[in-house]
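# Breakdown of the fold
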Amino acid sequence: MSKSHFQSTQNKLLSWYEIHGRKDLPWRNTENVYHVYVSEVMLQQTQVKRVLEEYYFQFLEKFPSLFALAQAPLEEVFGMWSGLGYYRRAKNLHASAKLCVDGLPQDLKSLQKLPGVGRYTASAICSFGYAQCVSVVDTNIARVLARYFGEEDVKEAFLWELADGFLNSSNPTSHNLALMDLGAMVCLPKSPTCEVCPLNEACQGSSEPDKYYKTQKKNYENKKLHFGVCVKDGKIAMKRSHKGMYKDMLELPNIESSFYEKNLLGTFAHAVTRYRLEVHVYSLNSTPEDVTWVAYETLHEAGISSMTKKALKLYNGVKISAEGVQN
Ligand code: SF4
């Protein structure tokens, strides 16, 4: 492709973004790099709508700066993250804030030394937060690039090379955002709408888009979990998880189910990361070992997972009293 043709494609992409791009998203209208960072971490596994409506503003109101976040106990951070899932993100965000209370680093290399910050997040911070001339590759951009350049089974490192080569140095931030939106709105995983795509003319993959983007099949793991509910004097017995996806969070005590079969409150299905869980919840007459007693009314502030919330709903369906569970 000639240089002028290349530039014309880049310009078409920017013109498309001007009209159709999601330019009003709050994290695209701030010069506060911390806000950009928070949004990027939240958006890693969660849809824009949910982040926007339930988490982004609330989190920033509670922790308006890196300093405020660093000062807060981890439990409070989990509390604001409650229901968003992938709690390691909140823990890493908190740990990073402690490492750089006065401001985030301004280069890719240093940013990638922060907990949980990989190449994508570092690039996003540099591009969207600091307006630097760096390329960004997320899932949406990867799909657009693979199709546009007609590359099958392309490796991640090569995608970054493609992104670097395609970067519009006269307006790199909008260029990256445009590619991101194009992937989210036009160059969809299934049935891309090539007829309205600004890259259509030069796109190598528009005749067979599926060939250049293959969704990877997820391998799910089934697990059964058994939790017990023990409430006394308005306090509930909880345990701090020391491993796994809920590490450092409070959860209901894990129990040996065979002892409590008669006390089964109910079961529910729960999906989290690669796990498909069948969760059984029991009422306990005796107190499990090594528990932390937490006032039942303040439990939500301690940051509990959606799975624990579901388990407590089962329990609430039975009865809460100051003496404990009453069947
Ligand atoms: S023309 Fe089609 S396949 Fe190519 S980038 Fe646009 S939407 Fe994707």
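Residues numbered from 1 in each chain as written. Predicted model: local features only at pLDDT ≥ 70, side-chain atom pairs only at ≥ 80, totals over all residues. Heavy atoms only, no water.

## Points about the confidence of the model for the chain
Let me state the cut-off plainly: For every residue, the predictor assigns a confidence score, pLDDT, that lies between 0 and 100. A run of H or I in DSSP becomes a helix once it reaches four residues, and a run of E becomes a strand once it reaches two; helices and strands are each numbered from the N terminus. Contact criterion: two residues are considered in contact whenever any of their non-hydrogen atoms come within 4.5 Å of each other.
Predicted confidence across the chain gives a mean pLDDT of 89, with 94% of residues reaching 70 or more. Looking over the chain, one finds the lowest element-wise mean pLDDT in helix H12 (residues 306-318), namely 83, and the highest in helix H8 (residues 119-129), namely 98. A low-confidence stretch, residues 319-327 (pLDDT under 50), is modelled with 21 contacts involving residues beyond four sequence positions or located in other chains.

## Digging into the state of the cysteines
Put simply, the test is: Two cysteine sulfur atoms make up a disulfide if the distance between them is within 2.5 Å. Accessibility here uses a 1.4 Å probe with only protein chains present; expressed as a share of the type maximum, an area under 20% marks a residue as buried, one over 50% as exposed, and anything in between as partly exposed.
Taken as a whole and judged by the stated rule, the model has 0 disulfides. The cysteine Cys126 is free of any disulfide, with Cys133 supplying the nearest cysteine sulfur at 11 Å. Residue classification places Cys126 among the buried residues on the basis of a relative accessible area of 0%.

## Thoughts on the pairing of strand S3 (residues 235-240)
Put simply, the test is: At least two DSSP bridges between two strands are needed for those strands to be called paired.
Examined bridge by bridge, strand S2 (residues 231-232) and S3 share 2 bridges and lie antiparallel to one another. Across the sheet, Val231 pairs through a bridge with Ile236, a residue of S3. Taking the residues between adjacent antiparallel strands as the criterion, S2 and S3 are bridged by 2 residues, where Asp233 takes a positive phi near 50°. Sheet analysis places S3 next to strand S7 (residues 292-295), joined by 4 bridges and oriented antiparallel. Paired with Ile236 across the two strands is Val294, which belongs to S7. Here S3 runs beside strand S4 (residues 250-251); their pairing, made up of 2 bridges, is antiparallel.

## Re helix H6 (residues 88-99)
Condition: Each residue after the first adds 1.5 Å to the expected span of a helix. Taken from the helix axis, the directions to the C-beta atoms give the arc we talk about.
Over its 12 residues, H6 extends 16 Å from the first C-alpha to the last, a length consistent with the 16 Å expected when each residue adds 1.5 Å. Residues of H6 that are buried: Arg89, Ala90, Leu93, His94, Ser96 and Ala97. All buried residues of H6 project into a common sector of 160° when viewed along the axis, lining one side. Exposed side chains of H6 directed beyond 90 degrees from the buried face belong to Arg88, Lys98 and Leu99. Those residues of H6 that are buried are in contact with helix H2 (33-43), helix H3 (48-62), helix H4 (66-71) and helix H5 (74-81).

## A look at the environment of Val186
Within the secondary structure, Val186 sits in the loop between helix H11 (172-185) and strand S1 (221-229). Look at Val186 and you get buried, because its relative accessible area is 6%. C-alpha separation for the pair Val186 and Cys197, spaced 11 residues apart in sequence, amounts to 6.5 Å. The contacts of Val186, once residues within four sequence positions are left out, are Trp16, Asp181, Pro192, Thr193, Val196 and Cys197.

## Brief notes about the site of the ligand
As a reminder, the rule being used: Proximity criterion: a residue is near a molecule or strand once any of its heavy atoms comes within 4 Å of it. Side-chain classes follow a simple rule in which Ala, Val, Leu, Ile, Met, Phe, Trp, Tyr, Cys and Pro form the nonpolar group, Asp, Glu, Lys and Arg form the charged group, and the remainder, Gly included, forms the polar group.
Around the ligand, the neighbouring residues are Arg147, Cys187, Pro192, Cys194, Cys197, Asn200, Cys203 and Ser206. Of the residues that constitute the shell around the ligand, the class distribution is 5 nonpolar, 2 polar and 1 charged.

## Quick notes on the pairing of strand S6 (residues 275-283)
Of all 9 residues that make up S6, 7 are buried, and the element is covered over most of its length. Pairing of S1 with S6, which is carried by 9 bridges, proceeds in the parallel orientation. Along S6, the bridge assignment pairs Phe227 with Val281. Bridging between strand S5 (residues 264-272) and S6 involves 8 bridges; their strand directions are antiparallel. Following the sheet pairing, Thr267 is matched in S6 by His280. Taking the residues that link successive antiparallel strands as the turn, the S5-S6 hairpin has 2 residues, and the phi of Thr273 there is positive, at about 40°.

## A word on the side chain of Glu251
We apply this condition: Note that His is not counted, nor are the chain ends; the positive residues are Lys and Arg, and the negative ones are Asp and Glu. We count a salt bridge whenever a side-chain nitrogen from Lys or Arg sits within 4 Å of a carboxyl oxygen from Asp or Glu.
Within the secondary structure, Glu251 is located in strand S4. At 8.9 Å, Lys243 is the nearest oppositely charged side chain to Glu251, a buried residue that forms no salt bridge.

## What to know about the sheet that holds S6
Stated formally: For helices, the fitted axis covers only the stretch in contact; all axes are lines through C-alpha atoms, and the angles between them, taken along N-to-C directions, range from 0 to 180 degrees.
In space, the 3 strands of this open sheet follow the order S1-S6-S5, with mixed pairing throughout. Both outer strands of the open sheet, S1 and S5, are each paired with one neighbouring strand and no more. Taken over all neighbouring pairs, the strand axes of this sheet differ in orientation by 20° on average, direction set aside.

## So, the domain arrangement of the chain
Note the following rule: Boundary definitions for the domains trace back to an automatic or database domain assignment. By buried area we mean how much accessible surface two parts lose on assembly, using a 1.4 Å probe and totalling the loss over both. Under the rule applied, a polar contact is a pair of N or O atoms within 3.5 Å (in protein, one hydrogen donor and one hydrogen acceptor; residues adjacent in sequence only if both atoms are side-chain atoms).
Considered domain by domain, the chain is made up of domain 1 (3-212) and domain 2 (221-318). A buried area of about 990 Å², summed over both sides, lies between domain 1 and domain 2, and 48% of it is on carbon and sulfur atoms. Considering only the surface of domain 1 that becomes buried against domain 2, Glu75, Phe78 and Tyr87 emerge as the three largest contributors, covering 48% of it. Counting across the domain 1 and domain 2 interface gives 2 salt bridges. Of the charged contacts in the structure, one is a salt bridge between Asp248 and Lys91, with a shortest N-O distance of 2.5 Å. At the boundary of domain 1 and domain 2, one finds 4 residue pairs in polar contact (both at pLDDT 80 or more). Top element by residues in the side of domain 1 that touches domain 2 is H5. It accounts for 5 residues.

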